[in-house]
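Residues per chain, in single letters:
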Amino acid sequence: MLVSRRYLFTSESVTEGHPDKICDQLSDTILDALLTQDASSRVAAEVVVNTGLVLITGEISSNASVNYVSLVRKKIAEIGYTDPTNNGFSADSCSVLVALDEQSQDIAQGVDRAFETREDASDEAWDAIGAGDQGIMFGFACDETPELMPMPVSLAHRISRRLATVRKSGELPYLRPDGKTQVTVAYEAGRPVGIDTILISTQHTETIGDITDGAAVQAKIKEDLWSHVVLPIFADLAVQPDANTRFLVNPTGKFVIGGPQGDSGLTGRKIIVDTYGGYSRHGGGAFSGKDPTKVDRSAAYVCRYVAKNIVAAGLAAKCEVQLSYAIGVARPVSIFVDTFGTGTVDEEILLKLIREHFELRPAGIIHTFDLQRLPAARQGRFYQEVAAYGHFGRTDLDLPWEKTDKAEMLKQAASTLFAGTGV
């Protein structure tokens, strides 16, 4: 049912220099490197960062030969941590420790040969791989933005990406890699109608040119962020900030110490930032560092693909899809779809369409999106690109699960099924 009252909803994002996001990107950089050399690599790579330290741990089974230390240092430099004096963390000076094990054989036997293949003697190719773990995954789409994402998280990500752009281009050279953004959107009758609050916390140098007074530094940052970062990201949206929009910048009054020097980081600790900003439910599983046989990742991608195509087809204004899996079993245990009262057809029809037109077994998902071969096809860079600024709604990347290539087919199939009900 649509909510008729007026309310506020807030989502956040973090920049690529945030300690947790450093870890996500390092985990996925390792994954990219392994899959580029060996597409069948089984990877669960975890990273921890702190002042002057990177720890790589987890389980990896692969025929690839990767220099983890070199890989990590290169990615840290790319993110922007190259100055140990001011950042307390640098690509060239940090210690890199590697503590990796192989994937458990108890898990591997269910992934290499699915339960259906062993018990049901099925010879279907997509039954050849079982789910890499049990769990629940959600996907979501809505028509609030052109990329069919909730507006609060979409805006928060846009601001975070823009912070990185103006930092790296030299447009605002005093910015540093660490940062957080937060956007509060006002809703009426379930639709966004205004921007209530924009919050940016961004790491910066102690002084800006000849400006040394702390209050003057913050005033300069606030002025620059509004004109160079905030305003450009609203170009294609009907909802705009206005005179009543609060704009908060570095509310503590200073953000010089940041990154791993200011806080430790850990892979998988920004799962809400990675998905829908809390607007939709989350199954609890992180994405980064996991190869696509792990349904925490691949099934969440196909859930988004299903939900986005349903919304793009005009069958709902909002759609959430849930899948659940049992470890070693290829077919989902359950499928759930919710359109929150916005559907143009019954949800039973949508369930039938999902079962008929979407491949939901791990091997089928991997094949549909080419998830094991994409890193090699894109010069060793694929998963690391989505490890910051969200895995969904990325208009800056060509992601297979963001395509709406089934929308027209779904619209026609739904029309046929609806007509068949005699309603």
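Look up: the structure comes first, before these words.
Sequence positions are assigned chain by chain, starting from 1 and proceeding in written order. In view of the model being predicted, local features appear only for residues whose pLDDT reaches at least 70, and side-chain atom pairs are presented and counted only at 80 or more, with totals across whole chains, interfaces and linings using the full set of residues. Remark: hydrogens and water are excluded; side-chain values derive from all non-hydrogen atoms of the structure.

> Would you mind showing me how to read the packing of aromatic side chains here?
In this description, a pair of aromatic rings is defined by centroid distance and the angle of the planes. Only the six-membered ring of Trp is used, alongside the rings of Phe and Tyr, when aromatic pairs are assigned; centres must lie within 6.5 Å, and planes under 30 degrees apart are stacked while those over 60 apart are edge-to-face, with the rest tilted. On inspection of all chains with the given rule, the structure shows 18 aromatic pairs. Pairing phenylalanine 140 with phenylalanine 340 gives two aromatic rings, centres 6.3 Å apart and planes at 65°, and the pair type is edge-to-face. One end of the pair, phenylalanine 140, is in strand β5 (residues 135-142); the other, phenylalanine 340, is in the loop between β11 (334-338) and α11 (347-357), and 200 residues separate them in sequence. We call a residue buried when its accessible area falls under 20% of the maximum for its residue type, exposed when it is over 50%, and partly exposed in between, using a 1.4 Å probe and counting protein chains only. Judged by relative accessible area, which is 1%, phenylalanine 140 ranks as buried. On the accessibility criterion, phenylalanine 340 (25% relative accessible area) is partly exposed. For the ring pair phenylalanine 369 and tryptophan 401, a centre distance of 6.3 Å and an interplane angle of 70° mean the geometry is edge-to-face. Here phenylalanine 369, found in helix α12 (residues 362-369), pairs with tryptophan 401, found in the loop between α14 (383-386) and α15 (407-420); they are 32 residues apart in sequence, far enough to count as distant. Side by side, phenylalanine 369 and tryptophan 401 carry an identical accessibility label, which is buried. By definition here, charges over rings are those cases where NZ of Lys or CZ of Arg is within 6 Å of the ring centre and within 35 degrees of the ring normal. Of note, lysine 406 hangs over the ring of phenylalanine 358, and the distance from its end group to the ring centre comes to 5.5 Å. Strands are runs of DSSP state E lasting at least 2 residues, helices are runs of H or I lasting at least 4, and numbering of each runs from the N terminus.

> What's the story with the pattern of salt bridges in this structure? I'm lost.
Between side chains of opposite charge, a pair can form as their charged atoms come close. Salt bridge, as used here, is a side-chain nitrogen of Lys or Arg placed within 4 Å of a carboxyl oxygen of Asp or Glu. Here the structure, examined in full by the defined rule, presents 32 salt bridges. Of the charged contacts, one joins aspartate 338 and arginine 281 as a salt bridge, the two residues approaching to 4.0 Å between their closest N and O atoms. With aspartate 338 in strand β11 and arginine 281 in the loop between α9 (271-274) and α10 (295-312), the pair connects residues that are 57 residues apart, well separated along the chain. Classification of aspartate 338 as buried rests on a relative accessible area of 18%. Its relative accessible area of 43% is what places arginine 281 among the partly exposed residues. Through salt bridges with shared partners, one network takes in Lys75, Glu78, Arg381 and Glu385.

> How should I be thinking about empty space enclosed by the protein in this particular structure?
A water-sized probe, rolled over the atoms, reveals where empty space remains. Lining residues are defined by having an atom within 4 Å of a point belonging to a cavity or pocket. Those points lie on a 1 Å grid over the protein atoms alone, cavities being sets where a 1.4 Å probe fits but cannot get out and pockets being open sets with protein on both sides within 12 Å along at least five of seven lines. Grid points are joined across faces, edges and corners, and a volume is the space filled by probe spheres set on the points. In the structure shown here, the tally under the stated rule is two cavities of 30 Å³ or more. What lines the largest cavity is Ile136, Met137, Phe138, Thr275, Arg281, His282, Gly283, Gly285, Phe287, Asp296 and Ala300. Among the elements that make up the lining of the largest cavity, the one with the highest residue count is β5 (three residues). Polarity classes work like this: nonpolar for Ala, Val, Leu, Ile, Met, Phe, Trp, Tyr, Cys and Pro, charged for Asp, Glu, Lys and Arg, and polar for all others, with Gly in that last group. Here the residues of the lining of the largest cavity sort into five nonpolar, four polar and two charged. Size it by volume and the second largest cavity reaches roughly 50 Å³.

> How should the sheet that holds strand β9 (residues 265-266) be read in this particular structure?
Two modes of strand pairing occur in sheets, parallel and antiparallel, and in both the strands are linked by backbone hydrogen bonds. In short, DSSP must find at least two bridges between two strands for them to pair. Taken in spatial order, the four strands line up as β4-β3-β2-β9 in an open sheet, and their pairing is mixed. The open sheet has two edge strands, β4 (95-101) and β9, and neither has a second partner. For strand β2 (residues 42-50) and strand β3 (residues 53-61), the ladder comprises nine bridges, and the chain directions are antiparallel. Across the sheet, alanine 45 pairs through a bridge with glycine 58, a residue of β3. Strands β3 and β4 of the sheet are contacted by helix α2 (residues 68-79), whose axis makes an angle of about 130° with β4. Here, residues are in contact when the closest pair of their heavy atoms is within 4.5 Å. The convention used is that axes are lines fitted to C-alpha atoms, helices contributing only their stretch in contact, and that angles between N-to-C directions extend from 0 to 180 degrees.

> I'm lost on the side chain of lysine 75 in this one. Help?
With respect to the helices, strands and loops of the structure, lysine 75 is situated in helix α2. Sequence-distant contacts of lysine 75, defined by excluding residues within four places in its chain, comprise Gln25, Leu26, Thr29, Arg381 and Gln384.

> Would you mind showing me how to read the nonpolar core here?
Soluble globular proteins tend to pack their nonpolar side chains together in the buried interior. As used in this record, nonpolar core signifies buried Ala, Val, Leu, Ile, Met, Phe, Trp, Tyr and Cys residues forming a set joined through side-chain atoms within 4.5 Å. Of all hydrophobic cores here, the largest spans 110 residues; its most connected members are Val54, Leu225 and Trp401. The dominant element in this core, judged by the number of residues it contributes, is α10, at 11 residues.

> I'm lost on helix α1 (residues 19-37) in this one. Help?
Over its 19 residues, α1 extends 28 Å from the first C-alpha to the last, a length consistent with the 27 Å expected when each residue adds 1.5 Å. Here α1 lies mainly inside the structure; 17 of its 19 residues are buried. Helices are assigned an expected span. That span is 1.5 Å times one less than the residue count.

> What's the story with the side chain of histidine 18 in this structure? I'm lost.
Relative to the elements of secondary structure, histidine 18 occurs in the loop between β1 (6-14) and α1. Once residues within four sequence positions are removed from consideration, histidine 18 is found in contact with Pro177, Asp178, Gly179, Lys180 and Lys270.

> Looking at this structure, I do not really get the sheet that holds strand β8 (residues 246-249). What am I missing?
The four strands lie next to each other as β1-β6-β7-β8, forming an open sheet whose pairing is mixed. Sheet topology places β1 and β8 at the edges, where each strand pairs with a single neighbour. In this sheet, adjacent strand axes meet at a mean angle of 15° when their direction is disregarded. Of the strand pairs in this sheet, strand β7 (residues 191-204) and β8 are connected by four bridges, and their pairing is parallel. Pairing of leucine 199 across the sheet is with leucine 248, part of β8.

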